[in-house]
Amino acid sequence: MSAYIYIDGWKSNLRFSSAHVIPEYEKCGQLHGHTYAVHAKITGKYDKNGIIMDFSLLKDTLKKITDELDHKILIPEKNSSVKIEKDSSSVKISFLGKNYVFPLADCVFLPISSTTAENLAGYVLEKLQKKIVIPKNIESIEIGVDEGYGQGARISKTF
Ligand SMILES: [Zn+2]
């Protein structure tokens, strides 16, 4: 039989607070921040012990991913309208005639086109798959990223 396990990032402390800009949207085109929460829903067949997947492995792995993003400036590396120039200690971000200069250590560079909740959810899902071996009994993984309480995006992958 199939069932799912669910982790609510607000209640399980899978949160991160980060700054970003979304150049494509006027209101979001200025540097601002959110507290995000990451949720996970794992659907699969459970074993004779009634287990789909080890909760603590899943939580610990997601916590590592959120810790990498926490208190950082999120920089999308795959946006052709965002120019990124790095030197040994700082990074200059330019788009639409604006320039931001940040300490390199304060930034995390993400292989996505824009730091929307949708793309961040996709990023977390990819990272999760790289960090753990997905057991054979798993049928789908859904990752959610809330951008503040009550709004967010969900992405799912079927195996
Ligand atoms: Zn935002």
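None of the values given here were measured: they were computed from a predicted structure.

A.B. asks: Which residues make up the packing of aromatic side chains, and what are the values?
C.D. replies: Evaluation of the coordinates by the stated rule reveals 4 aromatic pairs. Pairing Phe16 with Tyr36 gives two aromatic rings, centres 4.7 Å apart and planes at 15°, and the pair type is stacked. Note that Phe16 is positioned in strand 2 (residues 15-20) and Tyr36 in strand 3 (residues 32-45), a separation of 20 residues in sequence. Where Tyr100 meets Phe102, the ring centres are 5.7 Å apart and the plane angle is 10°; that geometry is what we call stacked. Phe102 shares its class with Tyr100; the two are buried. An aromatic cluster is defined as three or more aromatic residues linked by ring pairs; in this entry it consists of Phe95, Tyr100 and Phe102. Note that Lys41 overlies the ring of Tyr4, its terminal NZ or CZ placed 4.2 Å from the centroid. Directly above the ring of Phe109 sits Lys86, whose terminal nitrogen or CZ lies 3.9 Å from the centroid.

A.B. asks: Tell me about unusual backbone geometry, and please be specific about residues and values.
C.D. replies: Its identity is not glycine, yet Asn13 carries a phi of approximately 60°, on the positive side. Examined against the element boundaries, Asn13 turns out to sit in the loop between strand 1 (2-7) and strand 2. Exposure remark for Asn13: the relative accessible area of 43% places this residue in the partly exposed category. The phi angle at Leu96 is positive, at roughly 50°, despite the residue not being glycine. Position of Leu96 relative to the elements: it lies in the loop between strand 6 (90-95) and strand 7 (98-103).

A.B. asks: Requested: an account of the pattern of salt bridges, with residues and values cited.
C.D. replies: One side chain can pair with another of opposite charge once the charged atoms of both are near each other. Applying the stated criterion to the full structure yields 7 salt bridges. As a salt-bridge pair, Lys83 and Glu85 come within 3.9 Å of each other at their nearest N and O atoms. The class for Glu85 is partly exposed, based on a relative accessible area of 35%. Bridged by salt links that share partners, the residues Glu68, Lys127 and Lys131 form one connected network.

A.B. asks: Requested: an account of the coordination of the zinc ion, with residues and values cited.
C.D. replies: Protein-derived ligands of the zinc ion are His20 (NE2), His32 (NE2) and His34 (NE2), with the metal-ligand distances lying across 2.0 to 2.1 Å. The sequence pattern formed by the donor residues of the zinc ion is H-x11-H-x1-H. With His20 in strand 2 and His32 in strand 3, this residue pair connects regions lying 12 residues apart in the sequence. Given the relative accessible area of 1%, His20 is considered buried.

Conventions we followed
- Residues numbered from 1 in each chain as written.
- Predicted model: local features only at pLDDT ≥ 70, side-chain atom pairs only at ≥ 80, totals over all residues.
- Heavy atoms only, no water.
- Phe/Tyr/Trp six-rings, centres within 6.5 Å; stacked < 30°, edge-to-face > 60°.
- Helix = DSSP H or I, 4+ residues; strand = E, 2+ residues; numbered from the N terminus.
- Buried < 20%, exposed > 50% of the residue type's maximum accessible area, 1.4 Å probe, protein only.
- Lys NZ or Arg CZ within 6 Å of the ring centre and 35° of its normal.
- Salt bridge = Lys/Arg side-chain N within 4 Å of Asp/Glu carboxyl O.
- Donors = N, O, S within 2.8 Å, 3.2 Å for Na, K, Ca; no water.

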